[in-house]
Amino acid sequence: MNRRELLKLSGATALAALYPGSPLLADEIGVDLAAKTVTVGGFTPITGPVPFYAILTHAADSYFKSVNERGGIKGWKIKYVTLDDGYDPARSVAVARRLVEEERIFALVAAVGTATNVAVIPFAKESGLAMVGPIGGASAFFAEPNIFPLLPDYGWSAASNAEFAINDLKLKKIALLWENDELGRSAKRGFDLFMEASKIAPVESVPFEVKTTDFTPHLRRVANSGAEAAILFGSNANLAAALKAADRQAVKLTWFAPFFTADPSTYKLAGELLEGVYFSSWLLPVDSKEPEVQAYREAVTKYYPGDPVGVFGLNGWSNAALFGNLFGALIDSGRPITRANLLAAGNTLTNASVGGARKVTFVAGDHRGTRQEAILQAKGNAFQMVRDFKPYPAVAFDAKPS
């Protein structure tokens, strides 16, 4: 029996243990040793309910194109293959399998969606496949040895918002408006933990459905509570609708929201009502002069001129850049280019700058890559950093998710 037949019978993982440096194995896991090219892939919603999320994948692709133009990652070129999954978790699993078995990808990189990535975890673990930069916020990502996430648990972000409101702005009467799904429930967990540790009771906690467009009753509850501030965890459309409801009812509040709403598209939805809103953010502002963020703006404008420059794109770019950091660490290690060695190299990343993120760290048993957030504020149709990066409040960051 030849080695290719053995591969079909036993799988790449078993053969890797027998022949860790073999050119045949390298070819089967997307590594072209002769051409110094590695193939990675991701799933993305070209069709389905959220096709605009493809902006994330376009930005990731822009990262790889720009890196390749500059000579690659330590001399290695990256081929990035993406396939449509329609934002359907069942299709995501099928697409991931196709990427592995037909495209022979080395790693899954910047795949889009929380539920979609969660669905793929069992297959990826079975295949020994690294999931690098899954673009979603599930707490399931942080303890898996083969997953390297940048996005934080939303509870950490909500706690950061509350911490800034209380300690920096000296606000005590705080209400939470939270999307009634895993995103909002995660935010509520972190917010509640921080408020309890601060010995300050939330004045109101109001759930809403993701499709909510009229926040009149929600804002009435917030106003009746005597709140000075409101933290909203939902979409940019939710935030804009809540700001409009507050304006109609003449409810004066200091507003806070998550990083993904600090985007030019939110200004289009909310207009001048967005002015003054604060955002906790693990990403630098999109208009930052930092070289990595400038590189994002230049590359996405070059390769996808029809896409907006904003936090969605910087998010996708940064998650692709994470693979660049991990693969660079693997090359520097001098070890064979295998999936297992990529995982080992990832656990050596310490206080790294990754796209628009800073001080990213992974260690074995703790894959909470993003460990700090800044505070941004909407000012003059832009988003300015008003507090530099600071570690997440420990009470939320160290808590085990429920």
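What comes next is a walk through the structure. (Residues numbered from 1 in each chain as written. Predicted model: local features only at pLDDT ≥ 70, side-chain atom pairs only at ≥ 80, totals over all residues. Heavy atoms only, no water.)

## Describing the sheet that holds strand S8 (residues 204-208)
Stage number 1. Sheet architecture is open: seven strands sit in the order S8-S7-S9-S10-S11-S14-S15, paired in mixed fashion. Because the sheet does not close on itself, it has two edges, and the strands there are S8 and strand S15 (382-391). With strand direction ignored, the average angle separating the axes of adjacent strands in the sheet is 20 degrees.
Stage number 2. In this sheet, strand S10 (residues 254-257) lies alongside strand S9 (residues 229-233) in parallel orientation, the contact comprising three bridges. In the strand pairing of S10, alanine 229 is matched with threonine 254.
Stage number 3. Its contacts with the sheet place helix H6 (residues 154-168) against strand S7 (174-179), S9, S10, strand S11 (278-281), strand S14 (372-379) and S15, and it is angled at close to 165 degrees to S9. (Pairing = 2+ DSSP bridges. Helix = DSSP H or I, 4+ residues; strand = E, 2+ residues; numbered from the N terminus. Axes fitted to C-alpha atoms, helices over the stretch in contact; angles between N-to-C directions. Contact = heavy atoms within 4.5 Å.)

## What about the pattern of salt bridges?
Stage number 1. Throughout the structure, instances matching the rule amount to 18 salt bridges.
Stage number 2. Two residues, glutamate 163 and arginine 387, come together in a salt bridge whose shortest N-O distance is 2.9 Å. Of the two residues, glutamate 163 sits in helix H6 while arginine 387 sits in strand S15, which places them 224 residues apart along the sequence. The exposure classification of glutamate 163 matches that of arginine 387, with both residues buried.
Stage number 3. Ionic contacts of the salt-bridge type, sharing partners, join the residues Asp366, Arg368, Arg371 and Asp398 into one network. (Salt bridge = Lys/Arg side-chain N within 4 Å of Asp/Glu carboxyl O. Buried < 20%, exposed > 50% of the residue type's maximum accessible area, 1.4 Å probe, protein only.)

## Topic: the packing of helix H3 (residues 54-69) against helix H11 (residues 291-303)
Stage number 1. Running from amino to carboxyl end, H3 crosses H11 at an angle of 100 degrees, the nearest separation of the two axes being 9 Å. On the basis of the axis angle, H3 is roughly perpendicular to H11. Seen from H3, the contacting residues are Ala59, Ser62, Lys65, Ser66 and Glu69; seen from H11, they are Tyr296, Ala299, Val300, Lys302 and Tyr303.
Stage number 2. Considered class by class, the residues forming the contact of H3 with H11 number five nonpolar, two polar and three charged. (Parallel < 35°, antiparallel > 145°, perpendicular 65-115°, else oblique. Nonpolar A, V, L, I, M, F, W, Y, C, P; charged D, E, K, R; others polar.)

## Here we look at the side chain of aspartate 85
Stage number 1. Of note, aspartate 85 is situated in the loop between strand S3 (77-84) and helix H4 (89-101).
Stage number 2. Within the structure, the side chain of aspartate 85 is placed 3.0 Å from the backbone nitrogen of tyrosine 87, a separation counted as a polar contact.
Stage number 3. A polar side-chain atom of aspartate 85 sits 2.6 Å from a polar atom in the side chain of serine 92.
Stage number 4. Setting aside chain neighbours within four positions, we find aspartate 85 in contact with Phe43, Thr44, Pro45, Arg91, Ser92, Val95 and Thr116. (Polar contact = N/O pair within 3.5 Å; in protein donor to acceptor, adjacent residues only side chain to side chain.)

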